[in-house]
Amino acid sequence: MIFQLDEHDIRFPDPALAEPDGLLAIGGDLRTERLLEAYRRGIFPWYSDDTPILWYSPHERFVLFPEELKISKSMRQIMRSGRFAVTVDRAFDQVILACATQPRPGQDGTWITDDMQDAYIRLHTLGHAHSVETWHNNTLAGGLYGVSVGNVFCGESMFSREANASKMALIALCRSGTYRLIDCQVYSDHLASLGARMIPRDQYKTLLDPKKKPSGAPKG
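Conventions used here
Residues numbered from 1 in each chain as written. Predicted model: local features only at pLDDT ≥ 70, side-chain atom pairs only at ≥ 80, totals over all residues. Heavy atoms only, no water. pLDDT = per-residue confidence, 0-100. Contact = heavy atoms within 4.5 Å. Phe/Tyr/Trp six-rings, centres within 6.5 Å; stacked < 30°, edge-to-face > 60°. Helix = DSSP H or I, 4+ residues; strand = E, 2+ residues; numbered from the N terminus. Buried < 20%, exposed > 50% of the residue type's maximum accessible area, 1.4 Å probe, protein only. Lys NZ or Arg CZ within 6 Å of the ring centre and 35° of its normal. Pairing = 2+ DSSP bridges. Axes fitted to C-alpha atoms, helices over the stretch in contact; angles between N-to-C directions. Salt bridge = Lys/Arg side-chain N within 4 Å of Asp/Glu carboxyl O. 1 Å grid on protein atoms, 1.4 Å probe; cavity = no way out; pocket = protein on both sides within 12 Å on 5 of 7 lines; lining within 4 Å. Points joined across faces, edges and corners; volume = space filled by probe spheres on them. Nonpolar A, V, L, I, M, F, W, Y, C, P; charged D, E, K, R; others polar. Parallel < 35°, antiparallel > 145°, perpendicular 65-115°, else oblique. Left-handed = near helix turned anticlockwise from the far one by under 90°. Right-handed = clockwise from strand over helix to strand, strands pointing away.

Turning our attention to the confidence of the model for the protein. Low pLDDT marks regions whose predicted coordinates should not be analysed in detail. Summary statistics for the protein give a mean pLDDT of 92 and a share of 92% for residues scoring 70 or more. Within the model, pLDDT remains below 50 along residues 213-220, and this stretch shows 15 contacts once partners closer than five positions in the same chain are excluded.

Next up, the structure:
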C-alpha cells in the first residue's frame, strides 16, 4: 500500500509499511519541517521532475560505519601527496549543483530537481545539511552533501570532476569523528568496495535514535 500524504500534515505512515522496493508514500511537499520529520524516521525523497514527490524507506539500509572504511594503498598514496585540500560547508550550493548536473552512466537526467536543490539549501542555511568539498589548485574537484540526524550523516549525493575527488571527501567525513554512521541509502558497487553494507531497517532506526550513545559498529 502506498500512502497519499496530506499537504498540510507533515506526519508519515509507519516506515515498516513500505512496499518491497521501499516506496512508502507519495505527495506532500519539501518544506523544512516535513524533510526533517522524514529523515528522523528513516525516510527520504527520491523522484524526478515528471513524477510527484516519492518517499522511500528501504527495508534494508545501505550504510557505512566509519571504522569499517576501506582505503586502498593507491588512495593512501594520494592522501599523502596532498593533492586535494578538504573543506566543510564552504561551497554547499556549488556541491549540490554539481551533483545535479554531473552525467551518470545509465541515468537520463537527475533526481536532484530545482525544488530539491532549493529545499536542501534551506536545510543547509538552518544547519541541518552539510557538504564536504575537495579542491585541487583552488578549484572544486569533488564533494558530497547530506543531512545530519544526530550523529548519523544521511548522504544524498556525491560528484567528482577529478578521479578520487569524491572518495577523498568521503574519507574526510568518516575520519572527522562527527558521525557514527554514514547512511548511503541504496546499494552501489563503488560504496560497497569502500566498506558499506546492508543492515535491517530496525537496526538503522535504533542508530537514528539521538538518545542512544555510540557503541561501535554492530557486526553483520
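Past the structure itself, the notes keep going.
Moving on: the packing of aromatic side chains. One pass over the full model with this rule turns up 8 aromatic pairs. With 5.0 Å between their ring centres and 65 degrees between their planes, Phe12 and Trp55 make a pair best called edge-to-face. Here Trp55 lies in strand β4 (residues 54-56) and Phe12 lies in the loop between β1 (3-5) and β2 (23-27), a separation of 43 residues in the sequence. An identical accessibility class is assigned to Phe12 and Trp55; each is buried. Members of the aromatic cluster, connected to one another through ring pairs, are Tyr39, Phe92, Tyr120 and Tyr145. One cation-aromatic arrangement involves Arg90 over Trp135; the distance from NZ or CZ to the ring centre is 4.2 Å.

One open sheet holds the 4 strands; their spatial order is β1-β2-β4-β3, and the pairing between them is mixed. Two strands lie at the open edges of the sheet, namely β1 and β3 (44-45), each paired on one side alone. By the bridge criterion, 2 bridges tie β3 to β4 in an arrangement that is antiparallel. Bridging across to β4, Pro45 finds its partner in Trp55.

Whether parallel or antiparallel, the strands of a sheet pair through hydrogen bonds between backbone atoms. The strand order β6-β7-β8-β9-β10-β5-β11 describes an open sheet built from 7 strands, whose pairing is mixed. Pairing within the sheet leaves two strands with one partner each, and these edge strands are β6 (85-88) and β11 (197-200). Averaged over all pairs of adjacent strands, the angle between strand axes in this sheet comes to 35 degrees, irrespective of strand direction. Both β6 and strand β7 (residues 129-136) contribute to a ladder of 4 bridges, which runs antiparallel. Directly across from Ala85, in β7, lies its bridge partner Trp135. Helix-sheet contacts for helix α1 (residues 32-40) involve β8 (139-149), β9 (152-160) and β10 (181-185), and the interaxial angle to β8 is about 80 degrees.

The phi torsion of most residues other than glycine is negative, and most of the peptide bonds are trans. Despite not being glycine, Asn137 shows a phi value in the positive range, around 55 degrees. Among the structural elements, Asn137 can be located in the loop between β7 and β8. The phi dihedral of Asn138 is positive, around 65 degrees, even though this residue is not glycine.

Applying the stated criterion across every chain, the model contains 6 salt bridges. With a shortest N-O distance of 2.7 Å, Glu162 and Arg83 are connected by a salt bridge. Pair noted here: Glu162 is in the loop between β9 and α5 (165-175) and Arg83 is in the loop between α2 (73-81) and β6, with a separation of 79 residues, a long-range link. Taking relative accessible area as the criterion, Arg83 reaches 39% and is therefore assigned partly exposed. One salt-bridge network, in which partners are shared between bridges, spans Asp29, Arg31 and Arg34.

A water-sized probe rolled over the atoms picks out the places where empty space is left. As a volume, the second largest pocket reaches approximately 160 Å³. Of the residues in the lining of the second largest pocket, the class split is 3 nonpolar, 1 polar and 6 charged.

Packing of helix α3 (residues 92-101) against helix α4 (residues 114-125) brings their axes to within 10 Å, and their N-to-C directions diverge by 155 degrees. As far as their axial angle goes, α4 and α3 are roughly antiparallel. The hand of the α3/α4 crossing is right-handed. Judged by residue contacts, Phe92, Asp93, Ile96, Leu97 and Ala100 of α3 engage Met116, Gln117, Tyr120, Ile121 and His124 from α4. In terms of residue class, the contact of α3 with α4 is made up of 7 nonpolar, 2 polar and 1 charged.

The next point concerns the pairing of β9. Buried residues dominate β9, accounting for 8 of its 9 residues. Relative to β9, β8 runs antiparallel, the two being bridged by 8 bridges. Looking across to β9, one finds that Leu144 is bridged to Met158. Adjacent in sequence and paired antiparallel, β8 and β9 are bridged by 2 residues, among which Gly150 carries a positive phi angle near 60 degrees. Bridging between β9 and β10 involves 3 bridges; their strand directions are parallel. Following the sheet pairing, Cys154 is matched in β10 by Asp183. Considered for its hand, the β-α-β crossover made up of β9, α5 and β10 is right-handed.

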